[in-house]
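# Descriptive analysis of the structure
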Amino acid sequence: MHKPSSGFRGFTENWQADLKAGFVVSLVALPISIALALASGAPAIAGLISAVIGGILVAHLGGSFVTITGPGNGLAVVTLGAITTLGGGDMLAGYYMALGAIVVSGGLLFLLGTVRLGVLADLFPTSAVQGMLAAIGIIILAKQSHVMIGTLSPDSSEPIPLLFEFFASLKGLISADVEIIKVAVMGLGSLIFLILFSKIRLGWMHAVPAPLWVVVIAVGIQMVGTKINGQSFFPEVYLVNIPADWMSSWRPPDFSGIKEGSFWTAAITLTFIASIESLLSIKGMDRLDPFKRKSNVNKDLRALGIATAVSGLLGGLSVVTVIARSSVNVSNGAKTRAANFFHGILILIFILFLRSLLTQIPLPALAAILVFTGYKLLNPSQFSRIAEIGMEQLFLFFFTLFATLIYGLIVGIALGMLVTLVVQFVMTRSGMDILRYLSRPNTLLYEEEDQKFILNINYFSNFLNYPRLKSKLDSVPPTSTLIADFSNSSFVDHTVMEHLAGYIELFEQKGGSLELVGLDMSAASATHPLGVQSKANKSGSLLGGLRRDSGKARLSTKQEKLSEFSVMNGMDFTSWPTPDWDVKLDQFNYFKYRRVDYTTNLLVHHSHKLFAIEVSSHSGEFIMKDSQQLACVVWEPQGVELPKFVLDRERIFERLAHFAGSKDILTGQIKFDQRFALKGSNAKAIRSFFTKECTDFLMRNPSFHMESNGTALLIFHKERVASVQEFKLMVNFVLDWAEQMSTPSE
Amino acid sequence: MDFKATPVEYKKIATAMGFSPMAKANLAEVYRIAQKCGADMFVFHIGQWSDKCEATYNSFLKELSIPKSGITFVSKDGDPKVELLSLCAENKIDLLALGALTREKMFKVFNVSIARDVCRKADVSLLLLTNSTVEGRVCERIVVNGSDHPKTPDTLATAVWLSSKLGSRELYVVDELNEKSLVHPDDDKSQLNSTRKRKQIEREQHGRIAKLLSCCSVSKKLEIKEQHVFGKPGYTIAHYAKVKRADLLIVNSPDTKLGLFDRIFKHDLEYILSDLPTNLLIVHTTKILRHA
């Protein structure tokens, strides 16, 4: 697909598509913006201003492509908190002071983008962030459920008591006024409609998004009811209030609290949640972008900062990137940032010309939309998904959730991070390692060949040192091949695995590849591909267990690919072979000076008498231990006399040859002799083994290291963990050779 | 630049005798190196030299079949750190070889082994041995620092000289480059720019290293590979040596003597010392630095 051009040309080429998408989004954004303003405890117009300013400014200044900006779910909770605490009970005074905090938070966001701290959002453990978002969902749900059934001012203010109070008020409805019952029926009816909407099978109904249906139906009921009744169908207090003189009644934000701690707490919390919500949304949208463009996160943060400051000055809420509206945007065919711009402009037109219609929207309908939004943020179906990744992740999720509900957002996420760290200390038994190596660099990235990068990760990899890993991952063009080798790290946590999964997807989309190697041992002790990958249980008993029930052990992605490969080539795959195979390796000189610790990923080809295996070995003991992982093929060629020799290019075997005292042998094929170093003692037998055919075949293929012990050949490529590609290349090479050898030459 | 690379040729190699489990292997290793370099070997002992020590020492020499006449032995009482360095100065030692543990213990940072302490103050070239064996291994693969620094030419020349003496076959010249010289890629466009910039820097550095190597007398047997790595200086080369499974890592001597402050805020050499990947040679250039 052709990428849309940027700038004005992109606009002229795609404006129809963007206008259409922008229109649909503005219809969705209109009710949600009003609803979020109400959930924030601010006047309805504040949400609309935020959407208009967000659309117009971020479309011009931003660094992302198909995102939509406006008031956000998570921020509603923070803004409400700010208004209540700053105003000290007076919501209107609080609102103007909160606007001051919003302007300051805009400045802070701009600053974050300028010093390129977009990476900060990646610093939080995944499960803790999920827990915090779920807690925000509960807070919205708890507050708005009361508005939905007509209780505008419930007794409690904390989320958990609010939830309990809701059921009490529900009972109280039976003996309530007709007016209240009307409101409650409207609210509950809207909620039921929203829940059932996805089950409705009428195609034309899905042409308009559910929240808009709710608002349209509710406004319809109100207007028809008013006509019949002669007076407002729902009482005035239950209607959206946009004063006719909203433009002339503008007042500047109140900065009088700037010297107080609570003002700054509000500003910092707003900045924190705004950056997390925006960055998560931007990242999510990069995956949904049909043209696979990469957003400039820091530029977007700067744009959001400017938009937030302007919006605050004009009386609007913070501007963030929102994922729900953005995905509506993409699914309606948006191509460039202009869609966001149109969405903003159209909302402005709605406010200017449809004000009287907007003031007919009943609050319970909007509250129902918010209750539904809150429920979706909580998303109970994710519980089982998190539990699959690991029970400790579920624990962290709920811990952060309750900590957030009780102590607020900032303390909640901080406690979540702390407990995540404690859990990692205990689970991986590498607490000391974490402390010792946390502040140290742990990544090495180099270009082994053109377009082929090796990334080696030392010590451990978790959410705290992820920024270092991320900066390395970002510096590799996603069109190239990258092998991330974790064999030197003792564990990799869930957050990093989750991010890596995203990178694997990114590399695939752009035509490159990212492969994780060195995790086989960890995969077997983890319960899920994205769970904590730890080698803490690398004890004899675990290995014994794995070898016993090799069939049952969980496979890493690499092992799954190898297993597929073996089936297609008529080979047997065993993920944890028995120690018998280790013994077969000891016959080679190469392993004489190395102790084989364990082997994995055995592929056996019976008719060619060869097997491929991954070996983990070490030389030296204790503190001088030098561990190594290596993939190799052992092959017993049939029907030929196999002399003892070593052949290689990088001279890995020289070490052994030194002990064996053998000499260089020239086959007489000049090019072959130039490329390889061949050593052995029986020159005559070796020359007769390396026939012209044989050397020609070896010249056509990449150079492998080979050692022959007289009965079998040991063949391997590099002295490090092999990627699936390299593993396949090696096995195919030997299979071809065996094939060639078994067909008698003319 | 009109630099001339002069290898630091080691004529007098000394080792400190302790009675650690690795003592015998270290003795064997240092003797082998001295033999290969054609250097005189000195053994220093700091502390009380008892009869028992004498007997053990003699049995080591006997088991390793090292002639006693081939070694100059000096024993002295006093503070190990001070005495070791003064002995080196007295005897005009140019390479001090010491056994070292691969990793400092967390709570001993302020009370580290003698080897490391000396290393931090040494005015001689220092060889830290991590995996000496009695039988000996060929020093096959050497990783040497090739970054743009006035001390590098001599270090590189020393590496080439040593590789010919030790019979090494592969020499990896690792050029550590500062990540900060690259644009951090934010989007597709800056990614392209960043790659272009990286390639340009690598080309420039390649020219510099080629020029340096042309000043050294490289034997045909030695295969030289160049690797440009962007990352934290000091740490990167150590990690690379670990990944490449090198037998010897050769680096420049530190520009300043390392103090307590440097140990807490680690940089350059400190990264290597705190987690030794392999045998380490710190080349101390005797030449006055004209370009510093």
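Residues numbered from 1 in each chain as written. Chains lettered and ligands numbered in written order. Predicted model: local features only at pLDDT ≥ 70, side-chain atom pairs only at ≥ 80, totals over all residues. Heavy atoms only, no water.

Time to look at the overall build of chain A. Each helix and strand counted, chain A has 29 helices and 18 strands in total. Put simply, chain A has 746 residues, and 58% of those count as buried. Residue pairs at least 24 apart in sequence account for 75% of intrachain contacts in chain A once pairs closer than 6 positions are excluded. Of the roughly 30600 Å² that chain A leaves accessible, carbon and sulfur atoms contribute 62%. (Helix = DSSP H or I, 4+ residues; strand = E, 2+ residues; numbered from the N terminus. Buried < 20%, exposed > 50% of the residue type's maximum accessible area, 1.4 Å probe, protein only. Contact = heavy atoms within 4.5 Å. Areas by Shrake-Rupley, 256 points an atom, 1.4 Å probe, with all protein chains shown as cover.)

With that out of the way, let us pick up the interface of chain A and chain B. Interface size is commonly expressed as the accessible area that is lost once the parts come together. Taken together, the 52 residues of chain A in the interface contact 47 residues of chain B. Together chain A and chain B conceal approximately 4200 Å² of surface at their shared face, both sides included; 45% is due to carbon and sulfur atoms. One can count five salt bridges joining chain A with chain B. Note that Asp188 of chain B is salt-bridged to Lys510 of chain A, the shortest N-O span being 2.8 Å. Breaking the side of chain A that touches chain B down by element, the ones donating at least two residues are helix 18 (431-437), strand 3 (443-449), strand 4 (452-457), helix 19 (466-475), strand 13 (626-635) and helix 25 (654-660) of chain A. Ranked by residues supplied to the side of chain A that touches chain B, first place goes to strand 3 of chain A with six residues. (Buried area = accessible area lost by both parts, 1.4 Å probe. Salt bridge = Lys/Arg side-chain N within 4 Å of Asp/Glu carboxyl O.)

As a further point, take empty space enclosed by the protein. Residue and element names in this part refer to chain B. Under the defined criterion, the tally for this structure stands at seven cavities of 30 Å³ or more. Roughly 260 Å³ of internal volume is contained in the largest cavity. Residue assignment for the lining of the largest cavity shows that the elements contributing at least two residues are helix 1 (23-37), strand 5 (125-129), helix 5 (152-166) and strand 10 (279-283). A total of four residues in the lining of the largest cavity trace back to one element, the largest contributor, which is helix 1. Here the residues of the lining of the largest cavity are counted per class, giving 10 nonpolar, two polar and five charged. (1 Å grid on protein atoms, 1.4 Å probe; cavity = no way out; pocket = protein on both sides within 12 Å on 5 of 7 lines; lining within 4 Å. Points joined across faces, edges and corners; volume = space filled by probe spheres on them. Nonpolar A, V, L, I, M, F, W, Y, C, P; charged D, E, K, R; others polar.)

With that out of the way, let us pick up the packing of helix 7 (residues 178-197) of chain A against helix 8 (residues 210-229) of chain A. Residue and element names in this part refer to chain A. Following both chains from N to C, one finds helix 7 and helix 8 inclined at 150°, their axes separated by 10 Å at the closest point. Here helix 7 is positioned roughly antiparallel relative to helix 8, judged by the angle of their axes. The hand of the helix 7/helix 8 crossing is right-handed. The residues of helix 8 that touch helix 7, namely those facing Lys182, Met186, Ser190, Phe193, Leu194 and Phe197, are Ala210, Pro211, Trp213, Val214, Ala218, Ile221 and Asn229. Grouping the constituent residues of the contact of helix 7 with helix 8 by class yields 10 nonpolar, two polar and one charged. (Axes fitted to C-alpha atoms, helices over the stretch in contact; angles between N-to-C directions. Parallel < 35°, antiparallel > 145°, perpendicular 65-115°, else oblique. Left-handed = near helix turned anticlockwise from the far one by under 90°.)

Here we take up the pattern of salt bridges. This structure, assessed with the given rule, holds 23 salt bridges over all chains. The partner of Arg293 of chain A in a salt bridge is Asp289 of chain A, and the shortest N-O contact between them spans 3.0 Å. The same class applies to Arg293 of chain A as to Asp289 of chain A, namely buried. Of the charged contacts in the structure, one is a salt bridge between Arg32 of chain B and Glu29 of chain B, with a shortest N-O distance of 3.3 Å. Linking Arg32 of chain B with Glu29 of chain B, this pair stays in helix 1, spanning three residues, or about one helical turn. Put simply, Glu447 and Asp450 of chain A together with Arg198, Lys199 and Glu202 of chain B are held in one network by salt bridges that share partners.

Turning to the packing of aromatic side chains, a few remarks are in order. For the structure on display, the rule yields 33 aromatic pairs over all chains. On the numbers, 5.8 Å between centres and 45° between planes, the contact of Phe733 of chain A with Trp737 of chain A is tilted. Of the two residues, Phe733 of chain A and Trp737 of chain A both sit in helix 29 (residues 724-742), four residues apart, roughly one turn of that helix. Assessed through its relative accessible area of 3%, Phe733 of chain A is described here as buried. A ring pair is formed by Trp49 of chain B and Tyr57 of chain B, whose centres lie 5.8 Å apart and whose planes are at 75°; its orientation type is edge-to-face. A residue is classified by how much of its surface remains accessible, and Trp49 of chain B, at 21% relative accessible area, is partly exposed. The structure contains a cluster of three or more aromatic residues connected by ring pairs, namely Trp635, Phe697, Phe704, Phe733 and Trp737 of chain A. Of note, Arg337 of chain A hangs over the ring of Phe65 of chain A, and the distance from its end group to the ring centre comes to 5.0 Å. (Phe/Tyr/Trp six-rings, centres within 6.5 Å; stacked < 30°, edge-to-face > 60°. Lys NZ or Arg CZ within 6 Å of the ring centre and 35° of its normal.)

Bringing helix 10 (residues 297-314) of chain A into the picture now. Residues and elements named next belong to chain A. The end-to-end C-alpha distance of helix 10, which contains 18 residues, comes to 25 Å, matching closely the 26 Å that a straight helix rising 1.5 Å per residue would cover. When helix 10 is considered as a whole, its buried residues turn out to be Asn298, Asp300, Leu301, Ala303, Leu304, Gly305, Ala307, Thr308, Ala309, Ser311 and Gly312. For helix 10, the secondary structure elements touched by its buried residues are helix 2 (44-61), strand 1 (68-70), helix 4 (91-114), helix 9 (261-288) and strand 2 (320-322). Note on helix 10: the residue one or two positions beyond its end, Gly315, has a positive phi of about 100°. (Expected span 1.5 Å × (residues − 1).)

With respect to the secondary-structure elements, Thr152 of chain B resides in helix 5. Thr152 of chain B has contacts with Asn145, Gly146, Ser147, Leu212 and Asn252 of chain B, leaving out every residue within four places of it along the chain.

Bringing the nonpolar core into the picture now. Leu48 and Leu366 of chain A are the most contacted members of the largest nonpolar core, which has 127 residues in total. Among the elements that make up this core, the one with the highest residue count is helix 5 (residues 126-148) of chain A (12 residues). Setting aside chain neighbours within four positions, we find Leu48 of chain A in contact with Leu30, Ser33, Ile34, Ile242, Ile347, Ile351 and Leu358 of chain A. Of all hydrophobic cores here, the second largest spans 47 residues; its members include Tyr57, Ala97, Val144 and Leu162 of chain B. (Core = buried A, V, L, I, M, F, W, Y, C linked by side-chain atoms within 4.5 Å.)

Attention now moves to the pairing of strand 11 (residues 595-605) of chain A. When a strand is regular, its side chains alternate between the sheet's two faces. All names here are of chain A. Counted residue by residue, strand 11 has nine buried out of 11 residues, so it is predominantly covered. In this structure, strand 10 (residues 572-574) lies alongside strand 11, joined through three bridges in antiparallel fashion. If you follow Phe573 over to strand 11, its bridge partner there is Leu603. (Pairing = 2+ DSSP bridges.)

Residues and elements named next belong to chain A. Inspection of the secondary structure assignment puts Phe588 in the loop between helix 24 (579-586) and strand 11. C-alpha separation for the pair Phe588 and Ala712, spaced 124 residues apart in sequence, amounts to 8.7 Å. If we ignore the near neighbours within four places in the chain, the residues touching Phe588 are Val634, Glu707, Asn709, Ala712, Leu713 and Leu714.

Despite not being glycine, Asn601 of chain A shows a phi value in the positive range, around 50°. In this structure, Asn601 of chain A sits in strand 11. A relative accessible area of 0% means that Asn601 of chain A is categorised as buried. Despite not being glycine, Ser65 of chain B shows a phi value in the positive range, around 45°.

With that settled, consider the environment of Ala44 of chain A. Topologically, Ala44 of chain A is positioned in helix 2. For Ala44 of chain A, the residues in contact, after removing those within four places along its chain, are Ile34, Ala37, Leu38, Val240, Asn241 and Ile242 of chain A.

Our focus in this paragraph is a nonpolar patch on the surface. On the surface, Ile160, Phe164, Phe402, Ile406, Tyr407, Ile410 and Val411 of chain A cluster together into a nonpolar patch covering about 700 Å² of accessible area. Tracing the sequence through the fold places Phe164 of chain A in helix 6 (residues 159-172). (Patch = residues over 30% accessible without salt bridge, like charges linked within 9 Å, V, L, I, M, F, W, Y side chains within 5 Å.)

Residue and element names in this part refer to chain B. Chain-level statistics for chain B give a pLDDT mean of 80 and a share of 84% at 70 or above. Taken element by element, the predicted model of chain B shows its lowest mean pLDDT in helix 8 (residues 260-264) (58) and its highest in strand 6 (residues 141-145) (92). Counting contacts from residues 104-112, a segment whose pLDDT is below 50, to residues more than four positions away or on other chains yields 13 contacts. (pLDDT = per-residue confidence, 0-100.)

Taken residue by residue, chain A gives an average pLDDT of 83. The fraction at 70 or more is 92%. Throughout residues 537-541 of chain A the model reports pLDDT below 50, and contacts reaching past four residues in sequence, or to other chains, amount to five contacts.

Let's shift gears to the pairing of strand 10 of chain B. Residues and elements named next belong to chain B. Most of strand 10 sits out of view: five of its five residues are buried. Along strand 10, one buried face is formed by Asn279, Leu281 and Val283 and the opposite face, lined by Leu280 and Ile282, is buried too. Relative to strand 10, strand 5 runs antiparallel, the two being bridged by three bridges. From the neighbouring strand, Leu126 faces strand 10, where its bridge partner is Ile282. Direction of pairing for strand 9 (residues 248-252) relative to strand 10: parallel, over a ladder of five bridges. Among the inter-strand pairings, Ile250 is bridged to a residue of strand 10, identified as Leu281.

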